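Structural overview
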Amino acid sequence: MPTDIYSKTSASRGPGSPTVVGFHEPDTGSCQYICIDDATGKCALIDVVQQFDPKSFGTRFDHAQWALDYIADHGLTLEWILDTHPHADHFIAAAWLKDKTGVQTAIGEKVRDIAVLWRDYYNLPDAFPIDPHFDHLFAEGDTFRIGDLEVSVMLSPGHTLGSITYVVGDAVFAHDTLMQPDAGSSRADFPGGSASELYDSIMRILDRPDDHRIFVGHDYGTKTRDLPSWESTVGEQKTQNIHLGGGVSKADFVALREGRDATLALPNRMLAALQVNLRDGRMPDPEPDGHSYLKMPVNKF
Amino acid sequence: MTQYPVNMDITPVVEAFFDPATNTISYIVKDPTSDACAIIDSVMDIDYAAGRITYDHADAMIARVQQMGCRLEWIIETHVHADHLSAAPYIQERLGGKIGIGSKIMVVQDTFGKVFNEGTEFQRDGSQFDALFDDGDTYQIGNMQGFSIYTPGHTPACMVHVIGNAAFVGDTLFMPDGGSARCDFPGGSAEDLYDSIMKVLALPDAMRLFMCHDYGPNGRDIQWETTVGEEKEHNIHVGRGRTKADFITFRTERDAQLDMPRLIIPSLQVNMRAGAVPTDSDGNPMLKVPINGL
């Protein structure tokens, strides 16, 4: 097991509250989670990364393996392989995890609409049928269980049009909506993104009780903080978030977000990542020579 | 050994254009006695994350050629670059000129045709280029005679181009404090590179050498011009009688520690087509990325 993977455990607050093990993939600043029901030993994986070197286009599964090892070492049973959205900055590990464990995968149902956008960019009109690639496609308000823990699904568009938030008791897996209070919010300028929708999605998350825990999808550290962090509370976000704290208006947030997004370069894995993530993290079918190839559209962005 | 038609009496005007994104140096080489010129190792700009191609670097060179009122006769590639994309067809469309590269391009096309699983429509016969140079071939730029020296090692198709008292060394030598080019790409060979460098160092000591790359080692400013004499005396990898065996050991060990160049995948696909961007079956410009292929 790689020992250099940075992880931190957030303890359960009692019945109905999960223990959350967060672990960090430093190349993409991705925060990945094991969400555990202590009562039954059942758990779910959320947003686990398939590492991808954007120079050589090689892939690795160190973090996914770390998670499986953690589950085995702690005598846990994996029940769900969950993603919140088709990420633009890393490949998802869902298919690999499913192949290893046989456990069901899930993502939001509106990923079908995201696939429509990307079929056009890649000129692959028949690609990315979402239904056969994921075992469950969740809609707003759907519920399911991890052991005895009840999970509810919130549609949280903005960063993508089909992002979903998993709410497990007092734990909110907010992915790329909020970032840590000292980092603000996620960008909303990818295809199908919307700063206005992002604001509304964040407000719904912040409607939850002040002491609920928020687990974000990315952290890159800050100028004054080297170590990654990913956990905050609703109350902390409401008062301290640098993009939203103290009651920033929707109009001001949208102006700030759009102004900032206009200055950001695209993530260096985006063109590669979508065609993999819309396939559940699987590579395209091999060509007759036995190798898989990604497509990289030129001058579409 | 080939007898090369060295003529130190011709001093071409050489203007360098440095591309900070890839640390490449492109050149305009002008005949002082006519309006003829050549461009060597041009660069097309790419925002790799966005897949966006632009032409600021090439436009600056085109504007300079037009400003001097020059006729572009040759667009020369020293080799199929792995770290930047060539702008040769873009420049040719605007200024004319013939695109030339070493005849061993066919070996490179064959190797990377396989890596990218190219279909039969991708010709592996060098026909995308207007001229294929063999060792010792000569050509004219106005009244100047240029010739090519076959210098494999970094790639199997590398050529050094010598025009009067100026030699364009491609990726063989770097500046004396930079050493030599890597040899670990498919078809590369440290042994071949040593022999090729010896061919360059057999040119007259006063021959001006123009680098294709400089990374400003040890924090110094970017430089691209030196001489054969300087390289023989001071090159940190091959100077002062370092043996071939030592060089090969050193080069092989060093290459094992190097990352793939950031732009290797788009560079090879575009450059083996003489700078043309590949298209999918519907004609959309589309690069192809082999997973775990390099």
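Summarised in this report is the structure supplied together with it. (Residues numbered from 1 in each chain as written. Chains lettered and ligands numbered in written order. Predicted model: local features only at pLDDT ≥ 70, side-chain atom pairs only at ≥ 80, totals over all residues. Heavy atoms only, no water.)

Some points on the overall build of chain A
- In terms of helices and strands, chain A carries eight helices and 17 strands.
- For chain A, the spread of C-alpha atoms along the three principal axes comes to 55 × 50 × 35 Å.
- Burial status across chain A gives 60% buried among its 301 residues.
- In chain A, 66% of the contacts between residues at least 6 apart in sequence involve partners at least 24 apart.
- Of the roughly 11500 Å² of accessible surface on chain A, a fraction of 49% belongs to carbon and sulfur atoms.
- Between the mean site of the 26 positive side-chain charges and the mean site of the 44 negative ones, chain A shows a separation of 2 Å. (Helix = DSSP H or I, 4+ residues; strand = E, 2+ residues; numbered from the N terminus. Buried < 20%, exposed > 50% of the residue type's maximum accessible area, 1.4 Å probe, protein only. Contact = heavy atoms within 4.5 Å. Areas by Shrake-Rupley, 256 points an atom, 1.4 Å probe, with all protein chains shown as cover. Lys, Arg positive; Asp, Glu negative; His and termini not counted. Charge placed at Lys NZ, Arg CZ, Asp CG, Glu CD.)

A word on the sheet that holds strand β14 (residues 225–227) of chain B
All names here are of chain B.
- Overall, mixed pairing links the six strands, which are arranged β9-β10-β11-β12-β13-β14 in an open sheet. Edge positions in the sheet fall to β9 (138–141) and β14, since each of these pairs with one other strand and no more. With direction set aside, neighbouring strand axes in the sheet form an average angle of 30 degrees.
- The pairing of β9 with strand β10 (residues 144–150) spans four bridges and is antiparallel. Residue pairing for β10: isoleucine 141 is matched across the bridge by methionine 144. (Pairing = 2+ DSSP bridges. Axes fitted to C-alpha atoms, helices over the stretch in contact; angles between N-to-C directions.)

A word on the pairing of β9(B)
- Side chains of β9(B) alternate between two faces, with Tyr139(B) and Ile141(B) buried and Thr138(B) and Gln140(B) left unburied.
- In this structure, the hairpin formed by β9(B) and β10(B) is closed by a connection of two residues, where Gly142(B) is found at a positive phi of approximately 60 degrees.

A short note on the environment of Ser103(B)
All names here are of chain B.
- With respect to the secondary-structure elements, serine 103 resides in the loop between β7 (98–102) and α3 (105–115).
- Taking the relative accessible area as the measure of exposure, serine 103 reaches 17% and is therefore buried.
- C-alpha separation for the pair serine 103 and methionine 159, spaced 56 residues apart in sequence, amounts to 9.2 Å.
- The residues touching serine 103, leaving out its near neighbours within four places in the chain, are Leu132, Phe133 and Asp134.

Side note on the side chain of His79(B)
Residue and element names in this part refer to chain B.
- The topology assignment puts histidine 79 in the loop between β6 (71–76) and α2 (88–95).
- When its relative accessible area of 1% is taken as the criterion, histidine 79 is described as buried.
- Within the local environment of histidine 79, its side chain forms a polar contact with the side chain of threonine 78, the two groups lying 2.9 Å apart.
- There is a polar contact of 3.3 Å between the side chain of histidine 79 and the side chain of aspartate 171.
- The residues contacting histidine 79, other than those within four sequence positions of it, are Ile101, His154, Thr155, Cys158 and Asp171. (Polar contact = N/O pair within 3.5 Å; in protein donor to acceptor, adjacent residues only side chain to side chain.)

Let's talk about the sheet that holds β7(B)
Residue and element names in this part refer to chain B.
- One open sheet accounts for six strands, arranged β1-β2-β3-β6-β7-β8; its pairing is mixed. Where the open sheet ends on each side, the last strands, each with one partner, are β1 (13–19) and β8 (131–133). Here the average twist between neighbouring strands, direction ignored, is 25 degrees.
- Packing of helix α1 (residues 56–67) onto the sheet brings it into contact with β1, β2 (24–30) and β3 (36–40), and relative to β1 it is tilted by some 160 degrees.

Comments concerning unusual backbone geometry
Residue and element names in this part refer to chain B.
- We note that asparagine 23 has phi near 55 degrees; this positive angle belongs to a residue other than glycine.
- Considering the arrangement of structural elements, one finds asparagine 23 in the loop between β1 and β2.
- The class for asparagine 23 is buried, based on a relative accessible area of 16%.
- The residue asparagine 218 is not glycine, and still its phi comes out positive at about 55 degrees.

Description of the environment of Cys35(A)
All names here are of chain A.
- Among the secondary structure elements, cysteine 35 is positioned in strand β3 (residues 30–37).
- Sequence separation between cysteine 35 and glutamine 104 is 69 residues, and the spatial gap between their C-alpha atoms is 15 Å.
- What cysteine 35 contacts, discounting residues up to four positions off in sequence, is Pro18, Thr19, Lys42, Cys43, Ala44, Ile46, Ile146, Val168 and Phe173.

Let's talk about helix α3 (residues 111–122) of chain A
- Taking 1.5 Å of rise per residue, the 12 residues of α3(A) would be expected to cover 16 Å, and the 16 Å separating its terminal C-alpha atoms lies within 8% of that figure.
- Turning to α3(A), the residues buried within the fold contact β9 (105–108), α4 (130–133), α8 (270–277) and β17 (293–297) of chain A together with β15 (286–290) of chain B.
- Directly beyond the C-terminal end of α3(A), a positive phi value near 50 degrees is found at Asn123(A). (Expected span 1.5 Å × (residues − 1).)

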